[in-house]
Amino acid sequence: MRRPADWFLVACWILGGCLVALISAALLAIALPELADIPHLIRVAGETGVLESIFLTIAAGAIAVGILFVFGTPLSYVLARDRRPWSGAAGTLIDIPLILPHTVAGILVYLLFSTRGLIGGPLASAGIFFEDAFPGIVVAMVFVSIPYYVRAVREGFAKVPVHLENVARSLGASRFQTFFRVTLPLSYRHIWSGALLAWGRAVGEFAAVVIIAYFPMVVSTLIYQRFTTSGLAESRSIAFLMILIFVAVFAGFGLVTRGMGRDHDRA
Amino acid sequence: MIGLEGISLHLGRFSLRDVNLHVREGECYCLMGPSGSGKTVLLELVAGFHPPAAGTVRIRGRDASPFPPERRHVGLVYQDYSLFPHMTALANVAFGLRVSGAPAAEALRMAGDLLSSFDIGHLCNRFPGTMSGGERQRCALARALAVSPDILLLDEPFSALDPAIRTECIGIIRDLAEDRALTVLLVSHSREEAFALADRAGLLIDGHIVQEGPPPEIFSHPATLEAARYGGVENIFCGTVEENTNGSAVIQVGPVKIVSRSGSPPGRRVSCCIKAQDIMLGLKPPIDPGMNVLPGFVSRIFQCEDFSMVSVEGGVCLTVRVPGSPVFPVGTRVNAIFPPEDVLVYEGG
């Protein structure tokens, strides 16, 4: 027997479908002219500058995520577990990059990491430079993607019942053993998800990066540079290549995390 | 074996106040009390997860405060069993052995043996999410016992089980405690579990232990009004003592007078508690003139499996438990009869 139409769901689909249509139209707008001129796309993709820029962006994003994993994972844990007053304050502070205009984030990073900056100054005297240098790109990426990683991972840790940790400790596991054998494995999905969100945010950053490090050029800077100097066609091809790479990364992520935690949810 | 001396603890709005509790070696002690009274917190305090604001926790006679949970040798089983969902049953049971430094092969062999002794050896490679409630409970018990604890802390371990499995699991724990001479601190809401397992019970109400003793005594002679309420005394009335002659108090409750054996002086506000099972119903007044007799009519009947709860209206509304099916239908004029000795009187109300 045919199911009667659920008009509420139909209405939701109509309204929500506008957003899906918007993204689809944008993708079509870039894909159709590029696919119509494959030789041009191949020529742009083969340019050394473009390849270097793509590699540089992906590498800087990956290093930023690595830094977030090392520093953001413990932070996420204490924010999820520690109920002391400063925990709430720290959580709010961590969210600030989320609400700042990207140029403001860039200024903040510049103030800290330029050769006259609070952190950049002393490090410059030790031979580590951030202005117009790879480390500058990484710190800008880390700064803007902190809340994306910490929010996702904190949610994952908060979902691990404290009782599991208590039982592990009653069985003789130290705090470290409990964290690495129980809490962390049960949060893998959220850690992966936070890492992907943070990486996506990091490699897409333009304003914060360009303020501290115009060179070497990340892809977003290169697209802007080509748009202002060579026009839409040149920048569009690089943008289309980036879309292809991002879709591949998301698909790969889906494959890696597909079976993760499958056994945890059955009850 | 376990000694709590003057324990106070504050967690947000909740607090434990001056808790003193001693569990002897090999004893099974049941901690009872309404939800939110602090039973689980007290259990976690013994396990070392909450440092007390005041007082001392002693385990095996020694002050346990310097010892973190992993060094207290205490087995803990929660209501939801808290099996590690990303590990198989075998890995769950082997966990404690592995973190204690046992070689992997040895730990797995011992874990397998332990699972077999609980009749769930065939579930070694199953994840907790695919096991039934009874299987998970056995697995959690096996895991707790794998590290040979001196003390077993059980937080409502039977509440998620259906009645048939629950009876079986109560038997398993009783046998285990006897065979291994375990000291067991059990949290439970159920008087059946307390009667079946506990040597002694303590009633924790609002963060304070109000009564201790053998389970039958706690339910038959509640020490406070709160204990009577928790024990499920069905008839609780507020009244004023009219007169007291040689320990026989006449209490005015609304339009009726109830006689009790109480030393409360005249004019004192009191609460009278009468268990439904202590009241009889009859068409005629009893021969014994010393009995309380409240005439009324049957207003409502709840038929249960092997007894009935009958409401009798007569100035006050009494609930009476009668065995089997009710003899008197709704509307029948009856006398509710109960001896003064069965009227428990508490100050205030």
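Keep in mind it's a predicted model, so treat the numbers as computed, not measured.

1. Focus: the overall build of chain B
Moving on, step 1. Along chain B, the regular secondary structure elements total eight helices and 20 strands.
Moving on, step 2. Along the first, second and third principal axes, the C-alpha atoms of chain B reach 75 × 45 × 35 Å.
Moving on, step 3. Residues classed as buried in chain B amount to 53% of the 349 residues present.
Moving on, step 4. The long-range share in chain B, meaning contacts at least 24 apart out of those at least 6 apart in sequence, stands at 65%.
Moving on, step 5. As presented, chain B carries roughly 15200 Å² of accessible surface, and 52% of it is formed by carbon and sulfur atoms.
Moving on, step 6. For chain B, the centre of its 30 positive side-chain charges and the centre of its 38 negative side-chain charges are spaced 3 Å apart.

2. Focus: the interface of chain B and chain A
Moving on, step 1. Counting residues at the interface gives 26 residues for chain B and 21 residues for chain A.
Moving on, step 2. Both sides together, the interface formed by chain B and chain A hides about 2200 Å², and carbon and sulfur atoms give 64% of it.
Moving on, step 3. Broken down residue by residue, the surface that chain B buries against chain A is led by E70, H86 and V99 of chain B, which jointly contribute 25%.
Moving on, step 4. Put simply, chain B and chain A have one salt bridge between them.
Moving on, step 5. With a shortest N-O distance of 2.7 Å, E70 of chain B and R169 of chain A are connected by a salt bridge.
Moving on, step 6. Where chain B packs against chain A, one counts three residue pairs in polar contact (both at pLDDT 80 or more).
Moving on, step 7. For the side of chain B that touches chain A, the elements supplying multiple residues, two or more each, are β6 (74-77), α2 (89-99) and α4 (133-146) of chain B.
Moving on, step 8. If one sorts the elements of the side of chain B that touches chain A by residue count, α2 of chain B sits on top with four residues.
Moving on, step 9. A class-by-class count of the residues in the side of chain B that touches chain A yields 15 nonpolar, six polar and five charged.

3. A closer look at the nonpolar core
Moving on, step 1. Residues V50, I137, M141, Y149, F157 and I212 of chain A are the most contacted members of the largest nonpolar core, which totals 52 residues.
Moving on, step 2. If near-sequence neighbours (up to four positions away) are discounted, F157 of chain A is found in contact with T73, S76, Y77, A80, R81, F179, T183, L184 and S187 of chain A.
Moving on, step 3. Counting 51 residues, the second largest nonpolar core, distinct from the first, contains F158, L176, I205 and F219 of chain B.

4. What about the pairing of strand β10 (residues 208-213) of chain B?
All names here are of chain B.
Moving on, step 1. Both strand β9 (residues 200-205) and β10 contribute to a ladder of five bridges, which runs antiparallel. Bridging across to β10, L203 finds its partner in Q211.
Moving on, step 2. Taken together, β9 and the strand that follows it, β10, pair antiparallel across an intervening segment of two residues, in which D206 is found at a positive phi of about 55 degrees.

5. Observations concerning helix α10 (residues 175-186) of chain A
Moving on, step 1. With 12 residues, α10 of chain A ought to run about 16 Å at 1.5 Å a step, and its terminal C-alpha atoms sit 15 Å apart, in line with that.
Moving on, step 2. Where α10 of chain A is concerned, the buried positions are T178, F179, V182, T183, L184, P185 and L186 of chain A.
Moving on, step 3. Buried residues along α10 of chain A sit against α3 (48-81), α8 (134-159), α9 (162-170) and α11 (188-204) of chain A together with α2 of chain B.

6. With respect to the sheet that holds strand β1 (residues 2-11) of chain B
Residues and elements named next belong to chain B.
Moving on, step 1. The strand order β2-β1-β4-β5 describes an open sheet built from four strands, whose pairing is antiparallel. Pairing within the sheet leaves two strands with one partner each, and these edge strands are β2 (14-23) and β5 (62-63).
Moving on, step 2. Pairing analysis gives five bridges linking β1 to strand β4 (residues 54-59), with the strands arranged antiparallel. Residue pairing for β4: G3 is matched across the bridge by R58.
Moving on, step 3. The sheet contacts of helix α1 (residues 39-47) involve β1, β2 and β4, and relative to β1 the element is tilted by about 120 degrees.

7. Things to note about the packing of aromatic side chains
Moving on, step 1. Applying the stated criterion across every chain, the model contains 11 aromatic pairs over all chains.
Moving on, step 2. Between F179 of chain A and F180 of chain A, the ring centres sit 5.2 Å apart and the planes meet at 85 degrees, which makes this aromatic pair edge-to-face.
Moving on, step 3. Here W199 of chain A and F246 of chain A contribute two aromatic rings whose centre-to-centre distance is 5.3 Å and whose plane-to-plane angle is 35 degrees, an arrangement assigned as tilted. Of this pair, W199 of chain A sits in helix α11 while F246 of chain A is found in helix α14 (residues 232-257), placing the two residues 47 residues apart along the sequence.
Moving on, step 4. A relative accessible area of 9% places W199 of chain A in the buried class.
Moving on, step 5. Grouped by ring-pair contacts, the aromatic residues Y77, F157, F179 and F180 of chain A constitute a single cluster.
Moving on, step 6. Geometry around F84 of chain B places R143 of chain B over its ring, the cationic atom sitting 4.6 Å from the centre.
Moving on, step 7. Over the ring of F307 of chain B we find R321 of chain B, and its NZ or CZ is 3.8 Å from the ring centre.

8. Considering the side chain of S76 of chain A
Residues and elements named next belong to chain A.
Moving on, step 1. Counting through the fold element by element, S76 comes out in helix α3.
Moving on, step 2. The class of S76 is buried, set by a relative accessible area of 0%.
Moving on, step 3. Excluding residues that lie within four positions of it along the chain, S76 makes contacts with V150, V153, R154 and F157.

9. Re the packing of α4 of chain B against helix α5 (residues 163-180) of chain B
Residue and element names in this part refer to chain B.
Moving on, step 1. The N-to-C vectors of α4 and α5 enclose an angle of 15 degrees; their axes lie 10 Å apart at closest approach. In terms of their interaxial angle, α4 and α5 are classed as roughly parallel. α5 is crossed by α4, and the crossing has right-handed handedness. Here G134, Q137, R138, L141 and L145 of α4 come into contact with α5, specifically with I165, E168, C169, I172, I173, L176 and R180.
Moving on, step 2. Along the lines of polarity and charge, the residues of the contact of α4 with α5 split into seven nonpolar, two polar and three charged.

10. Some words on the pattern of salt bridges
All names here are of chain A.
Moving on, step 1. Going through the model one piece at a time under the given rule, you end up with 21 salt bridges over all chains.
Moving on, step 2. In this structure, R81 and E165 form a salt bridge, with 3.2 Å as the shortest nitrogen-oxygen distance. In this pair, R81 sits in helix α3 while E165 sits in helix α9, placing the two residues 84 residues apart along the sequence. Here the two residues R81 and E165 agree in accessibility, since each one is buried.
Moving on, step 3. Residues participating in the shared-partner salt-bridge network are R43, E47, R226 and E234.

11. Quick notes on the pairing of strand β17 (residues 307-314) of chain B
Residue and element names in this part refer to chain B.
Moving on, step 1. When you tally the buried positions in β17, you get six out of eight residues, the bulk of the element.
Moving on, step 2. Pairing geometry for strand β16 (residues 292-303) and β17, over six bridges, is antiparallel. Pairing of I301 across the sheet is with V310, part of β17.
Moving on, step 3. Connecting the antiparallel pair β16 and β17 is a turn made up of three residues.
Moving on, step 4. Bridge analysis of β17 against strand β18 (residues 316-323) gives eight bridges, and the strand direction is antiparallel.

Calculation rules
- Residues numbered from 1 in each chain as written.
- Chains lettered and ligands numbered in written order.
- Predicted model: local features only at pLDDT ≥ 70, side-chain atom pairs only at ≥ 80, totals over all residues.
- Heavy atoms only, no water.
- Helix = DSSP H or I, 4+ residues; strand = E, 2+ residues; numbered from the N terminus.
- Buried < 20%, exposed > 50% of the residue type's maximum accessible area, 1.4 Å probe, protein only.
- Contact = heavy atoms within 4.5 Å.
- Areas by Shrake-Rupley, 256 points an atom, 1.4 Å probe, with all protein chains shown as cover.
- Lys, Arg positive; Asp, Glu negative; His and termini not counted.
- Charge placed at Lys NZ, Arg CZ, Asp CG, Glu CD.
- Buried area = accessible area lost by both parts, 1.4 Å probe.
- Salt bridge = Lys/Arg side-chain N within 4 Å of Asp/Glu carboxyl O.
- Polar contact = N/O pair within 3.5 Å; in protein donor to acceptor, adjacent residues only side chain to side chain.
- Nonpolar A, V, L, I, M, F, W, Y, C, P; charged D, E, K, R; others polar.
- Core = buried A, V, L, I, M, F, W, Y, C linked by side-chain atoms within 4.5 Å.
- Pairing = 2+ DSSP bridges.
- Expected span 1.5 Å × (residues − 1).
- Axes fitted to C-alpha atoms, helices over the stretch in contact; angles between N-to-C directions.
- Phe/Tyr/Trp six-rings, centres within 6.5 Å; stacked < 30°, edge-to-face > 60°.
- Lys NZ or Arg CZ within 6 Å of the ring centre and 35° of its normal.
- Parallel < 35°, antiparallel > 145°, perpendicular 65-115°, else oblique.
- Left-handed = near helix turned anticlockwise from the far one by under 90°.

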